[in-house]
Amino acid sequence: MNVALRTSDCIKCSACNTVCPVVSIDGISGFSGPRNLVVDLPRFFAGRMISSQEIFKCTTCWKCEEVCPSSLPLPDSILRLREMMFNEKNLVEGHKRIVENIDRYGRSIEPQLGERMVYVKHEAEILYFPGCISEMRVTSIFDATVQLLEKADVKFGIPANWVCCGAPLEKIGDLNRLESLREMNLMRFGRFDEIITSCPGCTTQFFRHYDRDPLHTIEVLWEATRKNRLKFKPPRNSIRVALHHPCHIKRTIGPQIIDQAYDLLQSIPKVKIVELEDPDKCCGGGGGVVAGFPDLALKLATSKMMDACRSGADILLAPCPFCVLNLRRVDIGRVEEFITFINVYAEREA
Amino acid sequence: MQRTEVLIIGGGITGAGIARDLACRGAELVLVEASDFSNGATGRCHGMLHSGARYAVNDPISATECAAENTILKRIANFCIEDTGGIFVSLKNDDLDYADRFLSSCKKTGVAAKEITVEEALKKEPMLSKEIVRAFEVPDASVDPFLLTLGNIESAREANAIALNYHSVREFEINEGVIDKVIVENLRNGSVEIFKPEIVVNASGAWANKIASLANLSIEMTLDKGSMVVINGRLTNGLINRLRKPSSGDIIVPSYSSSIIGTTSIRVDSPNENKATEEEVDFLIRETAMMIPDIAISRAVRAYAGIRPLCGSDRSCGREISRTFQLIDHSEQGIENFISVIGGKLTTYRLMAERVSDLVASKLGLSGSCKTAIDPLLSVNREDIHARIASSIANRVVRKSLLFANDVIQRCTEELRGMEVVCSCEEVLRGELSYWCNHQDVKELSDLMRRTRVGMGYCQGGLCIFGLLSTMIDHSDRDPMELLVRFIIERERGVEPVLFRGQLKEEFFKEHLINGVYHLDAYSRGEYEKDLER
């Protein structure tokens, strides 16, 4: 079987398996690792079903591709395998819920708070796409982003009746639904080419499947501080923070956003940055793993939180709603969403 | 001294086929092979079961033979044949008249060729170039030459034949125009064994002249090197042939998890000149990429060459010599009980064996008739195997294990770590290796390779070598370093001509591994090799 992606240059060094966060938790017997799933297994695919459990354990952290000496498109191939194996009847419980929610509400999660305020200002120059999680779960992100954009004098609007960007569907391999969501969203974006997102999942999705070049909120805020539109007041007491590098920012939409996040933190007085031991280690929040394998995701999150505790940080900042949701399932340490944190200290430049 | 009715020299497909045929007719026989079975041209062929179409226009005798044998082999040896079918394609600038002549010649020679539309061809083979203008469907198939040979050997053994590998013929003792004794050296321990045969059959392929010279005879033959390149991944569903006058770089054969492209035709002087060159690799990739463009961007894993022992020596170009075979009864030259067989192809091995056996039987006065066209080569009882091991693995293991599937599966399921995958390129289990390590025929690591495909994948023994060696030394008292060096040298020979892109990177990585684990760098390997030669 041809996975249609170029994986034949594998030299079997297993660097991918060594850095794979899921292998580190589940062992090679629980999750065969990128090489085995993508390179070896398709060679013997005929007549063999991959245990559907296994292929869906990948968190799509993209670490394997980063270390691969041949730069093989390993995560893309895993997604392609999921796509080929997609079968609506065989979905695991959590993934079934995602599909149902999308069919019913157009969102990947069940709305709990009712529709949030939707508005498009007449003078809007750019769209802000909130995304399902920011709107309904980690709602502080939505509020903080709106407030921050206003402080920074960004003329933005929120598209009416937007639907899920489709990132969770890509992760479970349902490309048909993804395509219909894409069309609905593109219709609603109308004349706007530029989009701001506050979720790395949405950002990645627009970049990969919508053929757009979206801006993450951090990029907009960084630009605003450059132009002296934003300034920061100090917290009452000094705070030590650590920054988690979400996989989909660090390795898919651009590592420069991480640098910009550090710049922003450094411009807040009395905020001291401490380093995590392995800041870009996956927290387990991506790839549909939280929905599909909650225990696995929890183990990964716990490992991340232990790192945070060891670093001596008061707060672990994560610029990604999925990471925040998953990390907060752990009972130790304090996690805050990055944009929400920034918003507390940001002020409009007089 | 051992008396026997027939002594067959050469354990390639020809020798193995003759052994099976004669043994089934009730002859008492011994087969000796200087290396491992199928180590000569048999194991270095394209793995193609010809439909005859390739020879239809220029070599009608071979075409007719192939067409008939194709059907027979698919029936008697389906365990080692993938009946993939094949397509002949003409490209834009090819001679289109040839295509018409091709179709009528196929009809005349009994080859089942059928023209299909370009759209149909592209549907069957999505990777085909969009440049094709005509396409013909033929019943070509992909065959595993190692399994076919070993299948014949095992079948002969079932009929009480003795087959010995690593037994090299040293000398004939000739008495009044009759080969009286054959002196054979057992390469396992250096001992000498003497056979007293009634008839000697020389089926040593490219070495036929060397054997004949032991009886002060010479055979008119041409040695012709054909090189092939193994491309990682199955790019096609069936075989792809270029529809033109047979020339080089015409054929793509899907085989296991790879595609084999070939071949070339170069005259050589010695059977040992069987190394593919970089120029040949470049040429083959360029030529076959015209049919399947993806070949140009795929990873070349290995290149190898076989020496065709062709009949006659009067013409200069190997392609123009008929691919049919020749049977030489040396009684005309003064040796009464000596027969040589040369030429032929893998596809027609059974027919060759039948003709040789007919001659031998008439000389010996045997009454039994040939049954090889009817009796299946091996009958493996698959029941209860599937109950013991996951079916997809079982299929592969059963296919490879000839008559021993039950024992092999037992090793896999009962031994500690028997189900561990040692070679992930070809998915070979430790239990399989462990079974074959104990088999009487296995001496070197590459013997395991021919029987299980371990080390044949795209890493060319890079990662399996550790598991392979550890399994082997559990069951053998050979010097592990010697085993290792011999295996690495053998694999490197084939990788050398394809050292670019993926395979170059792979070799660098392997160099680090082998050096790191065994302190064996290229230099010390060379030194060790020199020691072995001494």
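Residues numbered from 1 in each chain as written. Chains lettered and ligands numbered in written order. Predicted model: local features only at pLDDT ≥ 70, side-chain atom pairs only at ≥ 80, totals over all residues.

Scanning chain B from N- to C-terminus turns up 17 helices and 22 strands. Considered along the principal axes of its C-alpha atoms, chain B spans approximately 65 × 60 × 50 Å. Each of the 534 residues in chain B was classed as buried or not, and the buried ones make up 55%. When contacts within chain B are restricted to residue pairs at least 6 apart in sequence, long-range pairs at least 24 apart make up 71% of them. (Helix = DSSP H or I, 4+ residues; strand = E, 2+ residues; numbered from the N terminus. Buried ≥ 20, exposed ≤ 12 C-beta atoms within 10 Å, placed from the backbone. Contact = placed C-beta atoms within 7 Å.)

Contact with chain A, which involves 12 residues of that partner, is made by 16 residues of chain B. Along the lines of polarity and charge, the residues of the side of chain A that touches chain B split into four nonpolar, three polar and five charged. (Nonpolar A, V, L, I, M, F, W, Y, C, P; charged D, E, K, R; others polar.)

A few words now on the domain arrangement of chain B. Residue and element names in this part refer to chain B. For chain B, the domain assignment lists domain 1 (2-41 + 146-220 + 323-364), domain 2 (80-142 + 227-304) and domain 3 (385-533). Each partner contributes residues to the interface: domain 2 has 15 residues there, and domain 3 has 13 residues. Where the side of domain 2 that touches domain 3 is concerned, the elements lending two or more residues are β13 (221-232), α7 (278-289) and β18 (300-311). It is β18 that provides the largest number of residues to the side of domain 2 that touches domain 3, a total of five residues. (Domains from an automatic or database assignment.)

What follows covers the pairing of strand β16 (residues 258-262) of chain B. Residue and element names in this part refer to chain B. Where burial is concerned, most of β16 is hidden: five out of the five residues are buried. Side chains of β16 alternate between two faces, with Ser-258, Ile-260 and Gly-262 and Ser-259 and Ile-261 buried alike. Taken together, the five bridges between β13 and β16 define a ladder with antiparallel strand orientation. Opposite Val-230, over in β16, you have Ile-260 as the bridge partner. Taken together, the five bridges between strand β15 (residues 251-255) and β16 define a ladder with antiparallel strand orientation. Bridged to Ile-252 within β16 is Ile-261. Hairpin connection from β15 to β16: two residues lie between these consecutive antiparallel strands, with Tyr-256 at a positive phi of about 50°. (Pairing = 2+ DSSP bridges.)

What follows deals with the nonpolar core. In terms of nonpolar packing, the biggest core is built from 266 residues, with Leu-221 of chain A together with Ile-8, Ala-19, Leu-29, Val-89, Val-201 and Val-229 of chain B touching the most fellow members. Sort the elements by how many residues they give to this core and β18 of chain B lands first, with eight residues. Filtering out sequence-adjacent residues up to four positions away, Val-201 of chain B remains in contact with Val-6, Ile-8, Ile-9, Ile-18, Ile-339, Val-356 and Val-360 of chain B. (Core = buried A, V, L, I, M, F, W, Y, C linked by C-beta atoms within 7 Å.)

Further remarks concern unusual backbone geometry. Glycine aside, residues mostly have negative phi angles, and peptide bonds mostly take the trans form. Of note, the bond from Gly-262 of chain B into Thr-263 of chain B is cis; its omega dihedral lies within 30 degrees of zero at -10°. In this structure, Thr-263 of chain B sits in the loop between β16 and β17 (266-268). Residues other than glycine seldom take positive phi values, yet Lys-12 of chain A does so here, at roughly 65°. Mapped onto the elements of the fold, Lys-12 of chain A is located in the segment before α1 (15-19). For Lys-12 of chain A, a count of 20 C-beta atoms within 10 Å corresponds to the buried category.

Attention now moves to the sheet that holds strand β6 (residues 239-243) of chain A. Residue and element names in this part refer to chain A. Taken in spatial order, the four strands of this open sheet run β7-β6-β8-β9, and their pairing is parallel. Edge positions in the open sheet fall to β7 (271-274) and β9 (335-337), since each of these has one partner strand only. For this sheet the average axis-to-axis angle between neighbouring strands, irrespective of direction, equals 40°. Helix α19 (residues 338-345) contacts β8 (315-318) and β9 of the sheet and is inclined by roughly 75° relative to β9. (Axes fitted to C-alpha atoms, helices over the stretch in contact; angles between N-to-C directions.)

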